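Residue-level structural notes
One-letter residues, chain by chain:
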Amino acid sequence: QIPLKYGASREGKRTDAAMQRWRENRFGQFIHFGLYSLAGGHWNGKYVEGAAEWIKGNARISDEDYEALTRQFVLPEFDAREWARIAKEMGVKYSVITTKHHEGFCLWPSEYTDYDVSRTPFGRDLLKEYVDAYTQEGIDVYFYYSIIDWNHPDWRSRVETVEDSLAFFRYCDFMNKQITELMTRYPEVKGFWFDGTWDKSVVKFGKITWDIEQLMHRLNPGIICGSRLRVDEKGARHFDTNGKLMGDYEQGWERSLPEKAPQNDWECVMTIPENQWGYQADWRGHIKSATEIIEMLAAATSMNGNFVLNFGPKGDGSLREEEKQMARKVGKWMQLNGEAIYGCVQAPLKPQKWGYYTRHRDNGFVYMVVCYQPVSGMLKVVLPTGSVIENCVVLGKEGMELKPEKSTKNEFVIPAPEVKDGFPYVIRLKLKEGDSVGNYVAPKV
Ligand SMILES: Cc1ccc([C@@H]2N[C@@H](C)[C@@H](O)[C@H]2O)cc1
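For the structure given in this document, a descriptive report is provided here. Only a predicted model underlies this, so the values are computations on that prediction, with no experimental measurement involved. (Residues numbered from 1 in each chain as written. Predicted model: local features only at pLDDT ≥ 70, side-chain atom pairs only at ≥ 80, totals over all residues. Heavy atoms only, no water.)

Some words on the overall build of the protein chain
Counting its regular elements, the protein chain contains 11 helices and 20 strands. If you line up the protein chain on its principal axes, its C-alpha atoms span 75 × 55 × 35 Å. Looking at the protein chain as a whole, 57% of its 445 residues are labelled buried. For the protein chain, the exposed area adds up to about 18600 Å²; of that, 51% sits on carbon and sulfur atoms. Side-chain charges in the protein chain split into 58 positive and 62 negative, and the spacing between the mean points of these groups amounts to 4 Å. (Helix = DSSP H or I, 4+ residues; strand = E, 2+ residues; numbered from the N terminus. Buried < 20%, exposed > 50% of the residue type's maximum accessible area, 1.4 Å probe, protein only. Areas by Shrake-Rupley, 256 points an atom, 1.4 Å probe, with all protein chains shown as cover. Lys, Arg positive; Asp, Glu negative; His and termini not counted. Charge placed at Lys NZ, Arg CZ, Asp CG, Glu CD.)

And the structure:
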């Protein structure tokens, strides 16, 4: 352990109510919306390779031509209440919106730049409308904020000269003012999702990220912030030089899931296409189905993690058809099976090949989210010795009780129900272990 001044400011999982709520939410939505949404991954009528929200660099667009997009920012179809209604229908409990992506354009009328909605024909405080609409639907709001800012004259990706450092520290002052502005104008915000902390300038001056963390906690002690913000004074990111997680959860799971449950709280953010966050009119490659998304959500829950699905609204402010379809299908599944996700954690049972176990924090049930139907038609369940399956039903088909058969001293097989709708199904187990029924706490396996 080497002494650090700007390493992890806290150790171990947070136990306060705000963080507990973040955990119980489990399922979230990401919204990537900005000037890049107007381009839709195309420039001069041509498809542009790469992530659509990076089109400025990918298509080598000049500052002047890119800035002209502000004049097209009209959003005739924008209705935050429609976005919120669809998020509610999908069953998300929180939503993260790009208040400012790397392009530097702000979705709120900032006092510290005019590169924001107030300079567009749309002209309204989009962020306020989003916060109000989602809060109305009971969905917690979180703000994505990019440290990288391609528009701001003082942003530096590296600091090599005195002039660079003067500019960079002016930029840090600008950032602190914007973060303060976001937390005071929109006090409903539950947390921040920082991005763009990999450049040499931030890695060299890790203390600026410590300062941001301190600033946020002074303004709202319950604020939640992932590990991607943080760099310690030795340049270590996410985990400080002593290997301690910085921030409240592991924020490194971008378009990927861990193989096994991390020790810390963690969150995966996922795109529907292979790698498009901002609106790309022409999705190419594999487009994930609702079934695949549900599998990932169940996998994340089974490993004590959160899962956030990205939407990239169109340049007119509407949501694309594929995303509305996704919301409908996933939402229908969540209506029936959400009790296996919301408020659930890893079940301390031996993982099986048919899918994922989850355990509800309070109701004592164990859930089997069956994603991979066995050809044998038999679902294997291994329980701690002496356990008894007292009740075993399929969610949505509670009347149809399944009959587990004991196959060895602590192994059961459950005849798999015939389910042909192309979605995972959930079996709810009520386990009796020795003398405690219901709030079953399996011993460590
Ligand atoms: C290499 C890389 C840089 C930035 C990103 C940003 N993080 C995601 C959450 C999106 O905002 C993407 O633009 C992704 C990959």
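Re the state of the cysteines
Counted under the stated rule, the structure contains 0 disulfides. Left unpaired, C106 is separated from the closest cysteine sulfur, that of C172, by 16 Å. When its relative accessible area of 0% is taken as the criterion, C106 is described as buried. In this model C344 remains outside any disulfide bridge; the closest cysteine sulfur is found in C371, 14 Å from its own. (Disulfide = S-S within 2.5 Å.)

Topic: the site of the ligand
As a matter of local geometry, the ligand sits amid H32, E53, W54, H101, H102, Y144, W193, D195, W198, R228, E254 and W277. At 2.7 Å, a side-chain N or O of H32 approaches an oxygen atom of the ligand. A distance of 2.8 Å is found between an oxygen atom of the ligand and a side-chain nitrogen or oxygen belonging to H101. If the ligand stood free it would expose 380 Å²; the protein chains cover 75% of that surface. (Near = heavy atom within 4 Å. Polar contact = N/O pair within 3.5 Å; in protein donor to acceptor, adjacent residues only side chain to side chain.)

Section: the sheet that holds strand β14 (residues 378-382)
What the 3 strands build is an open sheet, ordered β14-β18-β17; its pairing is antiparallel. Taken across any chain shown, the strands that pair with only one partner, and hence form the sheet edges, are β14 and β17 (405-408). This sheet shows a mean twist of 35 degrees between the axes of neighbouring strands, independent of strand direction. One ladder, built from 5 bridges, connects β14 with strand β18 (residues 411-415); its direction is antiparallel. Along β18, the bridge assignment pairs K380 with V413. (Pairing = 2+ DSSP bridges. Axes fitted to C-alpha atoms, helices over the stretch in contact; angles between N-to-C directions.)

Examining the environment of D421
Counting through the fold element by element, D421 comes out in the loop between β18 and β19 (425-433). Taking the C-alpha atoms as reference points, D421 and K244, 177 residues apart in sequence, are found 44 Å from one another. A polar contact is formed between the side chain of D421 and the backbone nitrogen of F423, at a distance of 2.9 Å.

Quick word on helix α11 (residues 321-337)
Owing to its 3.6 residues per turn, the α-helix brings residues three or four apart onto one side. Taking 1.5 Å per residue as the helical rise, α11 with its 17 residues ought to reach 24 Å, and the 24 Å between its terminal C-alpha atoms agrees with that figure. Taken as a whole, α11 has its buried residues at E323, M326, A327, V330, G331, W333, M334 and N337. Down the axis, α11 shows its buried residues gathered within 165 degrees of arc, on one side only. Away from its buried face, by an angle of more than 90 degrees, α11 presents the exposed residues K332 and Q335. (Expected span 1.5 Å × (residues − 1). Arc of directions from axis to C-beta.)

So, the sheet that holds strand β7 (residues 224-225)
Strand order in the open sheet formed by 8 strands is β7-β6-β5-β4-β1-β10-β9-β8, and the pairing between neighbours is parallel. The sheet is open, and its two edges are formed by β7 and β8 (250-254), each paired on a single side. Direction of pairing for strand β4 (residues 94-100) relative to strand β5 (residues 140-146): parallel, over a ladder of 6 bridges. For K100, the partnering residue across the bridge sits in β5 and is Y145. With respect to the sheet, α11 is in contact with β1 (27-31) and β10 (305-311), its orientation differing from that of β10 by roughly 150 degrees. (Contact = heavy atoms within 4.5 Å.)

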